[in-house]
Amino acid sequence: MPADVIHLVRHGEVENPKRILYGRLEGYGLSELGHRMAEASARSLGGHPITALYSSPLQRTRESAAPWTAAFGLEPHIDERLIEPANRFEGKRMDRATLMNPKNWPWMVNPARPSWGEAFASIATRMLAAMTDAHQRTEGGEVVMVSHQLPIWMAHRAVAGKRLAHDPRARRCALSSITSFAWRDGAFTEIDYQDPGAELGKTPIDLGAV
């Protein structure tokens, strides 16, 4: 039997002292709080039959996968399809100066695609393909896939049959959150959302996604 449930887990808080949009840039790992958030995420599914672990190749997701390895004895499979989308604003602060700079306006002409990075449709397609492959390749139990805010939100909207274009400020995908899907009648359906990091009582800095 294939896997019963796919859990899409977002990484924890990132050490980002300059508060830039880090995207796919190298050298952005978890903060001290981020490590504790990742541990809380893994604890929240203690007792679940986690039988496979996947991760985006970026440092922050690999570090967020480490508590799952410790808790369930699973080494992560690196899947490029779980990666953060490319973004024209990588390395910049998303402040008024950036938004009002005429040099950046060509990247903001079509927020419905969006024009500043990988198309929403492309992100949704690769995420659903990764989820489907993990479901089919895993013999029973539950799968954890550590990814990023926008890819997880695209999976959520695609599975729900919603328009992919959206207001980024309205995403329900907190740092170290878990969005869970079950395979039913030949398709995924969302069954749960958890925010384990909230139990730490801290307000993390979340500036990495557009």
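- An unreviewed UniProt entry lists the chain under the name Broad specificity phosphatase PhoE, from Microcella alkaliphila.

**Let's talk about the overall build of the chain**
Move 1: The helix and strand tally for the chain stands at 5 helices and 6 strands.
Move 2: Here the chain has a C-alpha radius of gyration of 17 Å; the compact-globule value for 210 residues is 17 Å, and the two agree.
Move 3: For the chain, restricting intrachain contacts to residue pairs at least 6 apart in sequence, the fraction spanning at least 24 positions comes to 70%.
Move 4: As presented, the chain carries roughly 9,900 Å² of accessible surface, and 51% of it is formed by carbon and sulfur atoms.
Move 5: The centroid of the 25 positive side-chain charges in the chain is displaced by 10 Å from the centroid of its 24 negative side-chain charges.

**Section: the packing of aromatic side chains**
Move 1: The full count for this structure, using the stated rule, is 3 aromatic pairs.
Move 2: Ring centres of Tyr22 and Tyr28 lie 5.5 Å apart, and the angle between their planes is 20°; on these two criteria the pair is classed as stacked. Of the two residues examined, Tyr22 and Tyr28, each falls in the buried class.
Move 3: Look at Trp68 and Phe72: their rings are 5.9 Å apart centre to centre, the planes differ by 15°, and that puts the pair in the stacked class. In this pair, Trp68 and Phe72 both sit in helix H2 (residues 59-72), 4 residues apart, roughly one turn of the helix.
Move 4: Since its relative accessible area comes to 2%, Trp68 is described here as buried.
Move 5: The lysine or arginine in question, Arg88, covers the ring of Trp107, its NZ or CZ lying 4.0 Å from the ring centre.

**Considerations on the environment of Phe188**
Move 1: Position of Phe188 among the secondary structure elements: in strand E6 (residues 187-194).
Move 2: It is 12 Å that separates the C-alpha atoms of Phe188 and Ala130, two residues lying 58 residues apart in sequence.
Move 3: Not counting chain neighbours up to four residues away, the residues in contact with Phe188 comprise Ile6, Leu128, Met131, Thr132, His135, Val159, Phe181, Ala182 and Trp183.

**Description of the nonpolar core**
Move 1: Formed by 25 residues in total, the largest nonpolar core has its most connected members in Ile6, Leu8, Met131, Val143, Met145 and Met154.
Move 2: Looking at this core, the elements with two or more residues in it are strand E1 (5-10), strand E2 (50-55), helix H4 (120-137), strand E4 (142-147) and helix H5 (149-160).
Move 3: Here Val143 is in contact with Ala3, Val5, Ile6, His7, Ala52, Tyr54, Ala134 and Thr138, once residues within four sequence places are set aside.
Move 4: If you look at the next biggest cluster of nonpolar residues, it comprises 11 residues, including Val9, Ala42, Ala65 and Trp68.

**Let's talk about the sheet that holds E6**
Move 1: Read from one edge of the open sheet, 6 strands run E3-E2-E4-E1-E5-E6, paired in mixed fashion. Two strands in the sheet have a free side with no partner beyond their single neighbour: strand E3 (77-78) and E6.
Move 2: Across 5 bridges, the pairing between E1 and strand E5 (residues 178-184) is antiparallel. Across the sheet, the residue bridging to Ile6 is Phe181, located in E5.

**Notes on the environment of Glu13**
Move 1: Secondary-structure assignment places Glu13 in the loop between E1 and helix H1 (32-44).
Move 2: Overall, the relative accessible area of 9% leaves Glu13 in the buried class.
Move 3: Expressed as a C-alpha distance, the spacing of Glu13 and Pro196, which sit 183 residues apart in the sequence, is 13 Å.
Move 4: Excluding residues within four positions of it along the chain, Glu13 makes contact with Leu30, Ser31, Leu33, Gly34, Met37, Leu175, Pro204 and Ile205.
Move 5: Within polar-contact distance, the side chain of Glu13 engages the side chain of Ser31 at 2.5 Å.
Move 6: Engagement of the side chain of Glu13 in a polar contact is seen with the backbone nitrogen of Ile205, the distance being 2.7 Å.

**Remarks on the pattern of salt bridges**
Move 1: Across all of its chains, the model carries 11 salt bridges by this definition.
Move 2: Its salt-bridge partner being Glu32, residue Arg36 comes within 2.9 Å of it at the nearest N-O pair. Of this pair, Arg36 and Glu32 both sit in helix H1, 4 residues apart, which is roughly one turn of the helix.
Move 3: Look at Glu32 and you get exposed, because its relative accessible area is 52%.
Move 4: Put simply, Glu190 and Arg172 hold a salt bridge, and the shortest N to O gap is 2.7 Å. Residue Glu190 is found in strand E6, and its partner Arg172 is found in the loop between H5 and E5; the two are separated by 18 residues along the sequence.
Move 5: Accessibility expressed as a relative area gives 30% for Arg172, which makes it partly exposed.
Move 6: Where salt bridges share partners, they join Asp79, Arg81, Asp133 and Arg137 into one cluster.

What counts as what
- Residues numbered from 1 in each chain as written.
- Predicted model: local features only at pLDDT ≥ 70, side-chain atom pairs only at ≥ 80, totals over all residues.
- Heavy atoms only, no water.
- Helix = DSSP H or I, 4+ residues; strand = E, 2+ residues; numbered from the N terminus.
- Rg over C-alpha atoms; globule rule 2.2 N^0.38 Å.
- Contact = heavy atoms within 4.5 Å.
- Areas by Shrake-Rupley, 256 points an atom, 1.4 Å probe, with all protein chains shown as cover.
- Lys, Arg positive; Asp, Glu negative; His and termini not counted.
- Charge placed at Lys NZ, Arg CZ, Asp CG, Glu CD.
- Phe/Tyr/Trp six-rings, centres within 6.5 Å; stacked < 30°, edge-to-face > 60°.
- Buried < 20%, exposed > 50% of the residue type's maximum accessible area, 1.4 Å probe, protein only.
- Lys NZ or Arg CZ within 6 Å of the ring centre and 35° of its normal.
- Core = buried A, V, L, I, M, F, W, Y, C linked by side-chain atoms within 4.5 Å.
- Pairing = 2+ DSSP bridges.
- Polar contact = N/O pair within 3.5 Å; in protein donor to acceptor, adjacent residues only side chain to side chain.
- Salt bridge = Lys/Arg side-chain N within 4 Å of Asp/Glu carboxyl O.

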